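# Notes for the structure review
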Amino acid sequence: MPRPEVLDRVKDAEQEADEIVAEAEEDAEETVAEARTEADEIREQAREEADAEAEERLEDAREEIEVERERILEEGAEEREDLEARATEREEEVVEYVVTQFEEAVHAQT
């Protein structure tokens, strides 16, 4: 094979090798870019899921607090009603006591 033909074949092979390397580098860059994009999407999805879970837990806690609040208010209302009933039951007794004390104080002065 003549020398110029060999040189042409070597140049062609080098050019083909350069093209293959350039294409492989482009493919590698694209693969890295796709992997970064996918990783960003996965992180965003995980963040959204974590936010949703946190919101759900917060809502559950709010519901529990509201139930406890209602229970406390109901207990307070029952205690108030009980105290009012007991006070009403003793009202006549207290009035008699006060009148008696007043009469004794008036008689003690005369």
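See above for the structure.
The notes below deal with the structure included here. Along each chain, residue indices are assigned from 1 in the same order as the chain's sequence is written. Local features in a predicted model are, by the rule used here, given only for residues with pLDDT of at least 70; side-chain atom pairs are given and counted only at 80 or more, and totals for whole chains, interfaces and linings are based on all residues. Side-chain measures here rest on the full set of heavy atoms in the structure, leaving out hydrogens and waters.

### What to know about the environment of Pro-4
Applied cut-off: By the criteria applied, helices consist of DSSP H or I runs no shorter than four residues and strands consist of E runs no shorter than two, each listed in order from the N terminus. Only protein chains enter the accessibility calculation, which uses a 1.4 Å probe; a residue is then buried when its area is under 20% of its type maximum, exposed when over 50%, and partly exposed in between.
Position of Pro-4 among the secondary structure elements: in helix α1 (residues 3-109). We classify Pro-4 as exposed; its relative accessible area is 55%. Residues Pro-4 and Val-32 lie 28 residues apart in sequence; the distance between their C-alpha atoms is 42 Å.

### So, α1
The test is simple: Any helix carries an expected span of 1.5 Å times its number of residues minus one. In this analysis the local bend is the angle between axes fitted, respectively, to the seven residues ending at and the seven residues starting at the residue.
With 107 residues, α1 ought to run about 159 Å at 1.5 Å a step, and its terminal C-alpha atoms sit 149 Å apart, in line with that. The largest bend along α1 measures about 45° and falls at Glu-91.

### A short note on the pattern of salt bridges
Going by this rule: Any carboxyl oxygen of Asp or Glu within 4 Å of a side-chain nitrogen of Lys or Arg constitutes a salt bridge here.
A full pass over the atoms with the stated rule returns eleven salt bridges. Put simply, Arg-69 and Glu-70 hold a salt bridge, and the shortest N to O gap is 2.9 Å. Where salt bridges share partners, they join Glu-66, Arg-69 and Glu-70 into one cluster.

By themselves, these figures tell us nothing about what the structure is for.
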